[in-house]
Amino acid sequence: MARFNIIDESDDYIVVNKPAFLLTHPTKPDQRTTLWKQLRELLAFEIANGGQVSIVNRLDRETSGLVLVAKTATAARRFGLLMQQRRFRKEYLAIVWSWPEWETKIVDASLDRQGKHQQSAIWLKQMIHPAGAPALTEFRVERRFTKSTMRESKPAEPSPRSSPLGRGSRGAAGEGKFSLVRAIPKTGRTHQIRVHLASLGHPIVGDKIYGPEEKLYLEFIETGWTPKLAGELLLPRHALHSTKLAVEDEIESQSDLPDDLARFVENGL
């Protein structure tokens with residue numbers, strides 16, 4: 001069973017390192033393991049004495065890395081206000097297809113649920129749309145590397161800004177070019193980093209929704225992980241890791257790439 005490890009702790013909060021594939025919150029009324037349930041077990045004494053478990057920054061199931069958890073109602077309110085005031089600094093590391101032509105890039109593109117504007121087979125899928133919520137992400141290339149793949153090479157094309165699906169990803173994959181990119185979100189929209197990177201033509205490796213084709217996500221839901229999907233996606237989860245979390249002068253935590261993503265990068269050339 002995947003479990004978190006503690007990075008930092010005080011009377012008011014705890015910062016943990018969430019492994020990939022561990023749900024943050026319960027999504028169904030079943031006995032599925034979640035970070036929230038594990039934290040309630042860990043903090044049972046505090047809860048019995050008036051404390052609580054309030055997860056401040058939620059990560060997707062496949063995203064690994066730093067999560068801040070308030071241990072009291074007062075701390076939860078304070079962190080919630082600081083987040084609204086954008087006084088949090090969060091940084092992520094992502095492995096993406098291809099080599100960006102830029103070293104730094106800022107994407108200022110509003111996001112909305114795709115199904116509100118066009119037919120979408122995936123209810124939660126987001127898209128860039130002017131009617132959506134403002135979303136701003138800064139990107140910096142940390143490293144470019146090559147890696148052999150079995151995928152067929154196709155000409156790369158730039159991705160249209162209106163679509164989160166990077167059409168250039170297939171060509172990039174065939175060429176075996178990848179990059180490690182640091183993402184610094186200034187807002188906290190659903191799938192923000194994933195959509196913004198895909199809009200640049202550099203979707204995250206392993207991303208079943210915004211990667212090569214969204215049908216891979218539907219196929220995964222039906223069949224589970226298969227050799228065919230492994231050949232298309234290369235990794236069983238999207239390669240996104242929450243690597244830094246800072247709250248003014250109070251908290252500054254860091255987390256290195258986990259083993260699965262570090263191996264992918266280190267085995268590159």
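Residues numbered from 1 in each chain as written. Predicted model: local features only at pLDDT ≥ 70, side-chain atom pairs only at ≥ 80, totals over all residues. Heavy atoms only, no water.

Focus: the overall build of the protein chain
Assigned secondary structure in the protein chain consists of 8 helices and 12 strands. Within the protein chain, buried positions represent 50% of all 269 residues. Across the protein chain, every contact between residues at least 6 apart in sequence was considered, and the portion connecting residues at least 24 apart equals 70%. Within the structure as shown, the protein chain displays about 13,100 Å² of accessible surface, and the carbon and sulfur contribution to it stands at 49%. (Helix = DSSP H or I, 4+ residues; strand = E, 2+ residues; numbered from the N terminus. Buried < 20%, exposed > 50% of the residue type's maximum accessible area, 1.4 Å probe, protein only. Contact = heavy atoms within 4.5 Å. Areas by Shrake-Rupley, 256 points an atom, 1.4 Å probe, with all protein chains shown as cover.)

Examining the side chain of Ser253
In this structure, Ser253 sits in strand S12 (residues 251-254). Non-local contacts of Ser253, meaning those with residues more than four positions away in its chain, are made with Ile7, Asp8, Val15, Leu66, Thr243, Lys244 and Leu245.

Regarding the packing of aromatic side chains
All chains considered together, the criterion is met by 6 aromatic pairs. With centroids separated by 6.4 Å and ring planes inclined at 85 degrees, the aromatic side chains of Phe79 and Phe88 adopt a geometry described as edge-to-face. In this pair, the class of Phe79 matches that of Phe88, namely buried. Within the aromatic cluster, the residues linked to one another by ring pairs are Trp97, Phe145, Phe178 and Phe264. In this structure, Arg78 is placed above the aromatic ring of Phe79, and the distance from its NZ or CZ to the ring centre is 4.7 Å. In this structure, Arg113 is placed above the aromatic ring of Trp123, and the distance from its NZ or CZ to the ring centre is 4.2 Å. (Phe/Tyr/Trp six-rings, centres within 6.5 Å; stacked < 30°, edge-to-face > 60°. Lys NZ or Arg CZ within 6 Å of the ring centre and 35° of its normal.)

Concerning unusual backbone geometry
For Ser98, which is not a glycine, the phi torsion comes out positive at approximately 75 degrees. On the secondary structure map, Ser98 appears in the loop between strand S5 (88-97) and strand S6 (104-108). Since its relative accessible area comes to 14%, Ser98 is described here as buried. Even without glycine at this site, His191 takes up a positive phi of about 60 degrees. Residue position: His191 is located in the loop between strand S10 (177-185) and helix H5 (192-199).

Remarks on the environment of Phe4
Looking at the element boundaries, Phe4 is found in the segment before strand S1 (5-9). Each C-alpha atom of the pair Phe4 and Val67 lies 9.7 Å from the other, and the pair is 63 residues apart in sequence. Setting aside chain neighbours within four positions, we find Phe4 in contact with Val16, Asn17, Lys18, Pro19, Leu35, Gln38, Leu39 and Leu42.

Things to note about the nonpolar core
If you look at the biggest cluster of nonpolar residues, it comprises 47 residues, and the most contacted ones within it are Leu39, Ile95 and Phe139. In terms of residues, this core owes the most to one element, S5, which gives 6 residues. Discounting chain neighbours no more than four positions away, the residues touching Phe139 are Trp102, Glu103, Thr104, Lys105, Val107, Val181, Arg182, Ala183, Ile193, His196, Leu197 and Leu200. Counting residues in each nonpolar core, the second largest holds 13 residues, with Val56, Leu66, Ala75 and Phe88 among its members. (Core = buried A, V, L, I, M, F, W, Y, C linked by side-chain atoms within 4.5 Å.)

Here's the deal with the pattern of salt bridges
By the definition in use, this model includes 18 salt bridges. Here Glu138 and Arg140 are joined by a salt bridge, their closest N and O atoms 2.9 Å apart. Notably, a salt bridge pairs Lys215 with Glu213, separated by 3.6 Å at the nearest N-O pair. Residue Lys215 is classed as partly exposed on the basis of its relative accessible area, which comes to 48%. Among the charged side chains, a network of salt bridges with common partners joins Arg89, Glu91, Glu142 and Arg182. (Salt bridge = Lys/Arg side-chain N within 4 Å of Asp/Glu carboxyl O.)

Some remarks on the pairing of S12
Residues Ile251 and Ser253 point to one face of S12 and are all buried, whereas Glu252 and Gln254, pointing to the other face, are not buried. Sheet topology note: the strand S11 (residues 240-247)/S12 ladder contains 4 bridges and is antiparallel. By the bridge assignment for S12, Leu245 is matched with Ser253. Hairpin connection of S11 to S12: 3 residues between the antiparallel strands, including Glu248 at a positive phi of 45 degrees. (Pairing = 2+ DSSP bridges.)

Describing the pairing of strand S9 (residues 136-146)
Here 5 bridges tie S6 to S9, and the two strands are oriented antiparallel to one another. Its bridge partner being in S9, Asp108 is matched across the sheet by Leu136. Alignment of S9 against S10, held across 9 bridges, turns out to be antiparallel. Bridge assignment links Glu138 to a residue of S10, and that residue is Ile184.

A word on the environment of Arg144
Residue placement: Arg144 occurs in strand S9. Expressed as a C-alpha distance, the spacing of Arg144 and Val96, which sit 48 residues apart in the sequence, is 9.6 Å. Separated by 3.0 Å, the side chain of Arg144 and the backbone oxygen of Pro100 make a polar contact. Looking at Arg144, its side chain comes within polar contact range of the side chain of Glu103, at 3.0 Å. (Polar contact = N/O pair within 3.5 Å; in protein donor to acceptor, adjacent residues only side chain to side chain.)

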